[in-house]
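Structural overview for review
Residue strings, one per chain:
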Amino acid sequence: QARKLFDYNIVLIGFMGAGKTTVSDYLSTMFAMEIIEMDQVIADREEMSIPDIFATYGEEYFRNLETNLLIEMQSRKNTVISCGGGAALRERNVAEMKKNGRVVLLTASPETIYERVKDSDDRPVLNGRKNVEGISELMEQRREKYEAAADIVINTDNKNVLQICEELVQRV
Ligand code: S3P
C-alpha cells in the first residue's frame, strides 16, 4: 500500500450520514494515517454515549467539547479528523479546523442520507425528523455554513468509498 505523508490534517465535515466515518476509516488504512473520530473520543472521555451527553448536559455542553477537541488536534499532522455533523456550524470551530487542516465537505442528497441513517438510533439531532423532508430541511439550514467552512466539496451520491477517497486525495 502506498504510504503518503501529509504534513497537515484532513478534516472531514458534513451532514450525518454523508460518509465521514467510512471515508476516514478507508483513508487511514490506505495511507497509514492516524484517525480521530471526534464523537468517539468525546464519548470515551465522557464515558457516555452521544445521546446521553445531549440528554444529560445539553447540546451546548457537547459543542464546547467539540471546540476543545479541535484545538487539541492542531498539534497533529497526517491525521484524518472525522468531525461530528454539527462541528462545522460554529465559526470558532471552523477557524480552529483550518489552523492545521484541509477541510473537506462530504455531501449527499437527502434521499441518500435518509437511507444511510434510517436504522441508526444514536443521532439525537434527528429525533422527530428522521425522514427525507426533515433531513432536507435541516440540511438547508446548515448548507451555507458547511459550504463556507469547506476548502473542498465532494459529493458522495452513487460513489463507492474508493472513488471518494481517490477524488479526495487528488484534490486535497
Ligand atoms: C450531530 C452529528 C453527530 C453527533 C451529534 C450531533 C449533528 O455526528 O456529533 O449527534 O449535529 O449533526 P455524525 O455526523 O457522525 O452522525
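Above this text sits the structure in question.
Here goes a summary of the coordinates provided. The structure displayed is predicted, hence computed values, not measured ones.

Our next topic: the sheet that holds strand E2 (residues 34-37). One open sheet accounts for five strands, arranged E2-E3-E1-E4-E5; its pairing is parallel. The sheet is open, and its two borders are formed by E2 and strand E5 (152-155), each paired with just one other strand. Within this sheet the neighbouring strands show an average axis-to-axis angle of 20°, counted without direction. Where helix H1 (residues 20-31) meets the sheet, it contacts strand E1 (9-13), E2, strand E3 (79-82) and strand E4 (101-107), and its direction lies at approximately 170° from that of E3.

The topology assignment puts Arg 142 in helix H7 (residues 132-149). There is no salt bridge for the buried Arg 142, and the closest opposite charge comes from Glu 59, which lies 5.4 Å off by N-O distance.

What follows deals with the site of the ligand. Neighbouring residues of the ligand: 14 residues in total, closest Lys 20, Asp 39, Arg 63, Arg 123 and Arg 142. A distance of 2.8 Å separates an oxygen atom of the ligand from a polar atom in the side chain of Asp 39. A distance of 2.7 Å separates an oxygen atom of the ligand from a polar atom in the side chain of Arg 142. More than half of the atoms belonging to the ligand lie within 2 Å of the grid points that define the largest pocket. Listing elements by their share of the shell around the ligand, those giving two or more residues are helix H3 (50-57) and helix H4 (59-72). When grouped by side-chain class, the residues that make up the shell around the ligand number six nonpolar, three polar and five charged.

For any pair of aromatic rings, the description rests on two quantities: the centre-to-centre distance and the angle between the ring planes. Within the structure shown, the criterion is met by four aromatic pairs. Taking 5.0 Å as the distance between ring centres and 45° as the angle between the ring planes, the aromatic pair formed by Phe 54 and Phe 62 counts as tilted. Accessibility classification places Phe 54 together with Phe 62 in one group, the buried group. Between Tyr 57 and Tyr 61, the aromatic rings sit 4.4 Å apart at their centres with planes inclined by 35°, giving tilted as the arrangement. Tyr 61 gets classed as partly exposed once you look at its relative accessible area, which sits at 30%. Members of the aromatic cluster, each reached through a chain of ring pairs, are Phe 6, Tyr 8 and Phe 31. We note Arg 102 situated over the ring of Tyr 8; from NZ or CZ to the ring centre the distance is 3.8 Å.

Calculation rules
Residues numbered from 1 in each chain as written. Predicted model: local features only at pLDDT ≥ 70, side-chain atom pairs only at ≥ 80, totals over all residues. Heavy atoms only, no water. Pairing = 2+ DSSP bridges. Helix = DSSP H or I, 4+ residues; strand = E, 2+ residues; numbered from the N terminus. Axes fitted to C-alpha atoms, helices over the stretch in contact; angles between N-to-C directions. Contact = heavy atoms within 4.5 Å. Buried < 20%, exposed > 50% of the residue type's maximum accessible area, 1.4 Å probe, protein only. Lys, Arg positive; Asp, Glu negative; His and termini not counted. Salt bridge = Lys/Arg side-chain N within 4 Å of Asp/Glu carboxyl O. Near = heavy atom within 4 Å. Polar contact = N/O pair within 3.5 Å; in protein donor to acceptor, adjacent residues only side chain to side chain. 1 Å grid on protein atoms, 1.4 Å probe; cavity = no way out; pocket = protein on both sides within 12 Å on 5 of 7 lines; lining within 4 Å. Sits in = over half its atoms within 2 Å of the grid points. Nonpolar A, V, L, I, M, F, W, Y, C, P; charged D, E, K, R; others polar. Phe/Tyr/Trp six-rings, centres within 6.5 Å; stacked < 30°, edge-to-face > 60°. Lys NZ or Arg CZ within 6 Å of the ring centre and 35° of its normal.

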